[in-house]
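# Descriptive structure summary
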Amino acid sequence: MLSTDVYNTLLNRLLNGELPPGTTLNRRQIAEELGVSVAPVLEAFMQLEHEGFLTTVPRKETTVRILTKEDIKGNLILKEAIECAAAERYSGETVQMHYAQLESMAAKLDSHYLNKNSMEAWRLDLDFHRELVALAGYEVLVTEFNKIAVPNLFYHVNRALRSDGNMSHVKLLQALSSSNREYAIQELRCHLRSGKIL
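Every value quoted in this text rests on a predicted model; they were computed, and no experiment measured them. (Residues numbered from 1 in each chain as written. Predicted model: local features only at pLDDT ≥ 70, side-chain atom pairs only at ≥ 80, totals over all residues. Heavy atoms only, no water.)

### Description of the overall build of the chain
Each helix and strand counted, the chain has 11 helices and three strands in total. For the chain, the succession of helices and strands along the chain, N to C, is α-β-α-α-β-β-α-α-α-α-α-α-α-α. In the chain, which comprises 198 residues, the proportion classed as buried is 44%. In the chain, once contacts between residues fewer than 6 apart in sequence are set aside, the share between residues at least 24 apart is 71%. Carbon and sulfur atoms make up 50% of the accessible area of the chain, which amounts to about 10800 Å² in all. (Helix = DSSP H or I, 4+ residues; strand = E, 2+ residues; numbered from the N terminus. Buried < 20%, exposed > 50% of the residue type's maximum accessible area, 1.4 Å probe, protein only. Contact = heavy atoms within 4.5 Å. Areas by Shrake-Rupley, 256 points an atom, 1.4 Å probe, with all protein chains shown as cover.)

Rendered as structure tokens:
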């Protein structure tokens, strides 16, 4: 079993609530249970820590991360700031040039929301918004977006806070294609804040 398999097994356990926040994970015990050496478990731990699922204290322990309200609010504020700064550069003509590809992504994403396929929907959501940020043409914005837009955080935040009135991504894309940048950014901001308490 490779580190990807270990990662997928642990991720499923985390998302299904089998490993609740605060749980201490023993890498040797997990390796033995899954019939692998410790190396793939360590690789999986590193990936899960990068994505915000785990916290590791060197030479002590690895635990399932407990998210604080400050963690959540801080990430939401940073994500909004990055996305709105990017939208100032790409809204209007740039969106129009990439409209067909973006509309396909937005429609697929909206259909996942309707089908309640939550984790996959949030991965698609982050991919769609990352693609929008990339339209601005600044690699640093994409890099910073990737640092804060981890699937675990936004899956749990949005599962808890999401309202059924969330603007569709197809409608958001229509707003972002407007030549009125102020309108486009305001619609983006409303979309990002939909169902969230900042």
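### So, the side chain of Ser177
Tracing the backbone shows Ser177 in the loop between α10 (169-176) and α11 (181-193). The class for Ser177 is buried, based on a relative accessible area of 15%. Setting aside residues no more than four positions away along its own chain, Ser177 makes contact with Gly92, Val95, Gln96 and Tyr99.

### As for the layout of surface pockets
If a probe as big as a water molecule is rolled over the atoms, it shows which places are left empty. Space inside the largest pocket adds up to approximately 290 Å³. Lining the largest pocket are 15 residues, and of these Arg27, Leu42, Thr56, Glu61 and Thr62 sit closest to its centre. Looking at the lining of the largest pocket, the elements that each hand over two or more residues are α2 (27-34), α3 (38-50), β2 (54-57) and β3 (61-64). Top contributing element to the lining of the largest pocket by residue count: α3, with four residues. Here the lining of the largest pocket is built from residues that sort into six nonpolar, three polar and six charged. (1 Å grid on protein atoms, 1.4 Å probe; cavity = no way out; pocket = protein on both sides within 12 Å on 5 of 7 lines; lining within 4 Å. Points joined across faces, edges and corners; volume = space filled by probe spheres on them. Nonpolar A, V, L, I, M, F, W, Y, C, P; charged D, E, K, R; others polar.)

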